[in-house]
Amino acid sequence: MVRLLFFFLVLSGTIFSQRQAQLIDAVTGEPVPFSKVIPTPGSPFLADIDGFFTIPEGATEILFKAQGYYDSTFAVAAIGTQVNLRAEASDLEEVTIVPGVNPAERIMELAIANRKKNHPMGDESFTYTSYSKFVFTMDQDALAKIPENTTDSNLLDLKKFFNEQHLFMLESTTQKYFEPPYREKEIITAYKVSGFSDPAFSTFSNELQSFNFYENQFNILGRTYINPLAFGSIRRYLFILEDQTVVNGDTTFTIRFQPRKDKNFDGMKGWLYINSNGYALEKVIAEPAEKSEGIDPKIIQEYALIDGKRWFPVKLSTEAVFPALRLDENLENSFLVGKGSTYIEHVVIGADLSKQRFNAVTIQTAEDANEKDSTHWDAQRKFELTDKEERTYVMVDSISKVYKLDQRFSSLGSLAEGKIPLGYVQLDLLRLFDYRDYEGYRFGLGLENSKKLMKRVTVGGYFGYGTRDKDWKYGGYAKWMMFPKQFIQLQASFQEDLVERGGYNFLSAEPGLALNSFSRHLYVLNMEKQRKAEVALSGYVTPRIKLMASASYQRIGLTDNYEYHNESGTILSPDRTFDVAETSLEAIWTIREKVMYLGTKRVSKGSMFPRISVKATKGISGIEAAALDYLRLNIDIQQDIPVRAVGKFSYMISAGKTTGNVPLFLNQMSLGTGGNWNLSVMNSFETMLPSMFYNKEQVSIFTRFMFKPIKTGKKWTSPQFGVHHAMGTGSFDRKEEHRVLGMDATGLELVQLPFKSMDKGYYEVGIIADKLINLNTSGFGLGIFYNYGYYSVPQFEKNLTVKFSLSFVI
């Protein structure tokens, strides 16, 4: 018993003699992780991920060194439970390069060589849980500078408001599963947002930065940057070895990185902490190398060695300063700031996921995610909420109820689809104005009920008037979302409108505002009058494949003196209508697409693989007055392929075939956008005149490579050069059945062949200089395209087409 008592006395004396303290930011109170601790006397070591360190026995003073903070020395006797470090300016100093071997590059070569082995999403499965918290508030340094005796009412209001609460706050918890090589699923088990309940907020923390720092490209707030750990980065980045610390036999190398001079790429700057144990990342501090006037982000990723197996992210921090959102013009740096962290826990490497179901849905919000009570949050939070954070929830929730912020936010989703909510109805922006060469300027109006009136049923209608064809068009529709979780929808519609001669579209494509679609409309030259009644059923049979089946009955009126004379002697002409009955089946499949299910919303995260759209339409004779029997097939394959640090290659393969003898509007038109407006349209023949070529069967291939924009340092210009090539071939038999009637100079009737077919192959090449001038979010440029091959003409200049290009600038 005496020995046991003596043992506990010695043990307790040892424990209490080795005191612990925590390093924190002097202004924000946030932990400062992985700071270098240099005791006198004693050997250097690192504080842990939460800033905690043990004061060595016998030390009289300690020097603390942390990236982004001033070096600070404290007497041990003066150290309590917390040590405050003052942040310094984060700009990197100019570096002078001297001849000789750069030791940092050798370390980076080893880190890059071990990148695949250290990648968290490598060759082993894993699971983890996470807790995230993010707040929007005022810059704390600026807030501290407001004098106590100020008489400025705005400054007093700012100080009172932000001392008591934040502007906005959200929290979330998740459960993540991963199985190599690429199957993953993250379930958002709970989310809490001040003032809002929309599940779109539940993924906020996922979108701030990439999960790990091992991919070739790293994402910060939606923009991608070349990773300093990417292959070939040593020729792009300058690396400087600033420090090295030995802890438990392993060395942590602190390496500063920034883009080399005269290198034109989207790069980052900051520090890498690389551990000699596997040459894996222990910590990363990074931000864009070039500051933006709109937003200035910074990220920190911290890693830990899990079960001695693999270095794994355990904390992801993001801070975003908004210089454009200044809260007081007279107060320096009074910017709005967003900051937060994701804490990753309960990591299991090599987890058995045989019972876990994986599919295209990589992120999914649990049905009860917005209903979790305080018991869940108390168990998941890394730290208890402060009084300021608690007050943020209370105050913003009350303001949201008064000003109906949740409903206002949901209206933004409608706007993305081209709709403006107006209470119980919403206005269709796509119906207000359009232009087609056939009908001229088209003015109209479209209305439908909003979800405020009916959540699962939409009833709407529209009308429009063309200034060139001087005719009214109108239509109506009803949509019923039968099974929201599977996105299965039944739709019925009627319209008295126009249909493009030889054109086609995929009705199952997602609606919305698209610049390329509007540009394409400018070149619609030939159209037929169409009265159409249709019923359609659509839905996702898998998260990546959408199907749509439809049946319609149409009454068609030919235009512009076009006539069709078939072999049986039947003549279809503009002076009389004819009927068409058809059924259609179409599918859209985006290979390896990643999808988010947020409540009843499906959000695509895109794919680096092809998107395939297929449509088969069967015309059936014998139904009522319908007499045309045909089969019409169309397929589009398109893909965007990013080429790291160089640009993006895009292509589209478009093929179509019509069997059966039918009028031109049921055959296949080659997509020409030459002449008239001289506006470049991607995935089209830029030199071909509209409606110049029709085919019974045709294949077209459109390719374009756009290099990265050149960084000029000026907002008004960021030239982006590209090359274009397009080619197509097709055939058309029995052209003599298609005629256009007209008069010659003597008043005699003429029979003219209204089109060509691409039997000899159509070819063109072009050069594009985009974003020569930038105005706000729009970029303007020029393109020059050249038609070569059989359908070109001897005069060189007549094969050239000069066009304007229009794009969005991010």
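Look up a bit, the structure's there.
Residues numbered from 1 in each chain as written. Predicted model: local features only at pLDDT ≥ 70, side-chain atom pairs only at ≥ 80, totals over all residues. Heavy atoms only, no water.

> Mind showing me how you'd approach the overall build of the protein chain here?
Assigned secondary structure in the protein chain consists of nine helices and 46 strands. Expressed as lengths along the three principal axes of its C-alpha atoms, the size of the protein chain is roughly 120 × 65 × 65 Å. In the protein chain, which comprises 810 residues, the share counted as buried stands at 47%. Side-chain charges in the protein chain split into 91 positive and 94 negative, and the spacing between the mean points of these groups amounts to 3 Å. (Helix = DSSP H or I, 4+ residues; strand = E, 2+ residues; numbered from the N terminus. Buried < 20%, exposed > 50% of the residue type's maximum accessible area, 1.4 Å probe, protein only. Lys, Arg positive; Asp, Glu negative; His and termini not counted. Charge placed at Lys NZ, Arg CZ, Asp CG, Glu CD.)

> Would you explain unusual backbone geometry in this entry?
Most peptide bonds adopt trans geometry, and most residues besides glycine take a negative phi value. A cis amide bond, omega -5°, links Thr40 with the succeeding residue Pro41. The topology assignment puts Pro41 in the loop between β2 (36-40) and β3 (45-46). At the junction of Pro180 and Pro181, the peptide bond is cis and its omega measures out at 5° in the coordinates. Relative to the helices and strands, Pro181 resides in the loop between β9 (168-179) and β10 (183-193).

> I'm lost on the pairing of strand β24 (residues 440-449) in this one. Help?
Consecutive residues of a regular strand have side chains that alternate between opposite faces of the sheet. Both strand β22 (residues 425-428) and β24 contribute to a ladder of three bridges, which runs antiparallel. Counted as the bridge partner of Leu427 is Leu447 from β24. Bridge count between strand β23 (residues 433-436) and β24: four bridges; the pairing is antiparallel. Within β24, the position partnered with Tyr435 by the bridge is Tyr441. Linkage of β23 to β24, two consecutive antiparallel strands, is achieved through a turn of three residues. Here β24 pairs with strand β25 (residues 457-466) via seven bridges, running antiparallel. Paired with Gly444 across the two strands is Gly464, which belongs to β25. (Pairing = 2+ DSSP bridges.)

> I keep staring at the sheet that holds strand β7 (residues 82-85) and nothing clicks. Help me out?
Hydrogen bonds between backbone atoms are what pair the strands of a sheet, whose relative direction is either parallel or antiparallel. Judged by pairing direction, the sheet is mixed, and its three strands sit side by side in the order β4-β1-β7 without closing on themselves. Each having just a single partner strand, β4 (52-54) and β7 make up the two edges of the open sheet. Looking at each pair of strands side by side, their axes are set apart by 30° on average, direction ignored. Across four bridges, strand β1 (residues 20-25) lies against β7 in parallel orientation. Bridge pairing links Ile24 to Asn84 in β7. (Axes fitted to C-alpha atoms, helices over the stretch in contact; angles between N-to-C directions.)

> Is there a simple way to think about the environment of Ile234 in this case?
Along the chain, Ile234 turns up in the loop between β12 (223-226) and β13 (237-247). Once the C-alpha coordinates of Ile234 and Ile112 are considered, the two residues, 122 residues apart in sequence, prove to be 9.7 Å apart.

> Explain the sheet that holds strand β6 (residues 72-75) here, please?
Taken together, the four strands give an open sheet; going across it, the order is β3-β2-β5-β6, and neighbouring strands pair in antiparallel fashion. If you trace the sheet from one side to the other, it starts and ends with β3 and β6, each paired once. Note that β2 and strand β5 (residues 61-65) share five bridges and pair antiparallel. Note that in β5 the partner of Pro39 across the bridge is Ile62.

> Looking at this model, I keep getting lost on the packing of aromatic side chains. Mind explaining?
Aromatic rings considered in pairs are described by the distance between their centres and by the relative angle of their planes. Overall, the coordinates contain 49 aromatic pairs when judged by the stated rule. Measuring from centroid to centroid gives 6.1 Å for Phe433 and Tyr441, while their planes differ by 25°, and the two rings are stacked. With relative accessibility at 38%, the residue Tyr441 sits in the partly exposed group. Taken together, Phe134, Phe136, Phe168, Phe196, Phe201, Phe204, Phe322 and Phe409 form an aromatic cluster joined through their ring pairs. Of note, Lys760 hangs over the ring of Tyr790, and the distance from its end group to the ring centre comes to 5.7 Å. (Phe/Tyr/Trp six-rings, centres within 6.5 Å; stacked < 30°, edge-to-face > 60°. Lys NZ or Arg CZ within 6 Å of the ring centre and 35° of its normal.)

> Could you clarify how one ought to interpret the side chain of His166 in this entry?
In this structure, His166 sits in the loop between α5 (153-164) and β9. Overall, the relative accessible area of 9% leaves His166 in the buried class. Residue contacts for His166: discarding those within four places in its chain leaves Val135, Phe136, Thr137, Phe161, Lys388, Glu389 and Thr392. (Contact = heavy atoms within 4.5 Å.)

> Is there a simple way to think about the pattern of salt bridges in this case?
For side chains of opposite charge, pairing can occur when their charged atoms come near one another. Summed over the entire model, instances satisfying the criterion amount to 45 salt bridges. Ionic pairing is found between Lys473 and Asp469, a salt bridge with its closest N-O pair at 2.7 Å. Each member of the pair Lys473 and Asp469 is classed as buried. As a salt-bridge pair, Glu686 and Arg704 come within 2.9 Å of each other at their nearest N and O atoms. With a gap of 18 residues between them, Glu686 in the loop between β38 (668-669) and β39 (694-695) and Arg704 in strand β40 (residues 697-707) connect regions that are remote in the sequence. Across the pair, exposure class does not vary: Glu686 and Arg704 are buried alike. The structure contains a network of salt bridges with shared partners spanning Asp434, Arg436, Glu439, Arg442, Asp469, Lys473 and Asp497. (Salt bridge = Lys/Arg side-chain N within 4 Å of Asp/Glu carboxyl O.)

> Just checking my understanding: could you explain the side chain of Ser450 for this structure?
Take Ser450: it is sitting in the loop between β24 and β25. Non-local contacts of Ser450, meaning those with residues more than four positions away in its chain, are made with Gly423, Tyr424, Val425 and Gln426.

> In this structure, what is going on with the nonpolar core? I would like to understand it.
For soluble globular proteins, nonpolar side chains are generally found buried alongside one another. Of all hydrophobic cores here, the largest spans 30 residues; its most connected members are Phe213, Phe239, Met268, Leu272 and Leu281. Among the secondary structure elements, those contributing two or more residues to this core are α2 (103-113), β11 (217-220), β12, β13, β14 (250-259), β15 (268-275), β16 (280-288) and β17 (296-306). For this core, the element with the highest residue contribution is α2, accounting for five residues. (Core = buried A, V, L, I, M, F, W, Y, C linked by side-chain atoms within 4.5 Å.)

> Would you mind showing me how to read the environment of Asn566 here?
Within the fold, Asn566 resides in the loop between β30 (562-565) and β31 (571-572). Separated by 40 residues in the primary sequence, Asn566 and Gly606 have C-alpha atoms spaced 46 Å apart. There is a polar contact of 2.8 Å between the side chain of Asn566 and the backbone nitrogen of Thr570. (Polar contact = N/O pair within 3.5 Å; in protein donor to acceptor, adjacent residues only side chain to side chain.)

> Can you walk me through helix α8 (residues 405-416) in this structure?
For an α-helix the count is 3.6 residues per turn, leaving residues at separations of three or four pointing the same way. Counted at 1.5 Å a residue, the expected span for α8 with its twelve residues is 16 Å, and the 18 Å between its end C-alpha atoms agrees. Gly418 lies just past α8 and shows a positive phi near 85°. (Expected span 1.5 Å × (residues − 1).)

> Would you mind showing me how to read α2 here?
Taken as a whole, α2 has its buried residues at Ala104, Ile107, Met108, Ala111 and Ile112. In an axial view of α2, the angular spread of the buried residues amounts to 135°, which keeps them on one side of the axis. As for α2, its buried residues are in contact with α3 (115-118), β13, β14 and β15. Measuring from the backbone nitrogen of Ala104 back to the side-chain oxygen at the start of α2 gives 3.0 Å, which picks out Asn102 as the cap. (Arc of directions from axis to C-beta.)

Distances and angles like these do not, on their own, reveal function.
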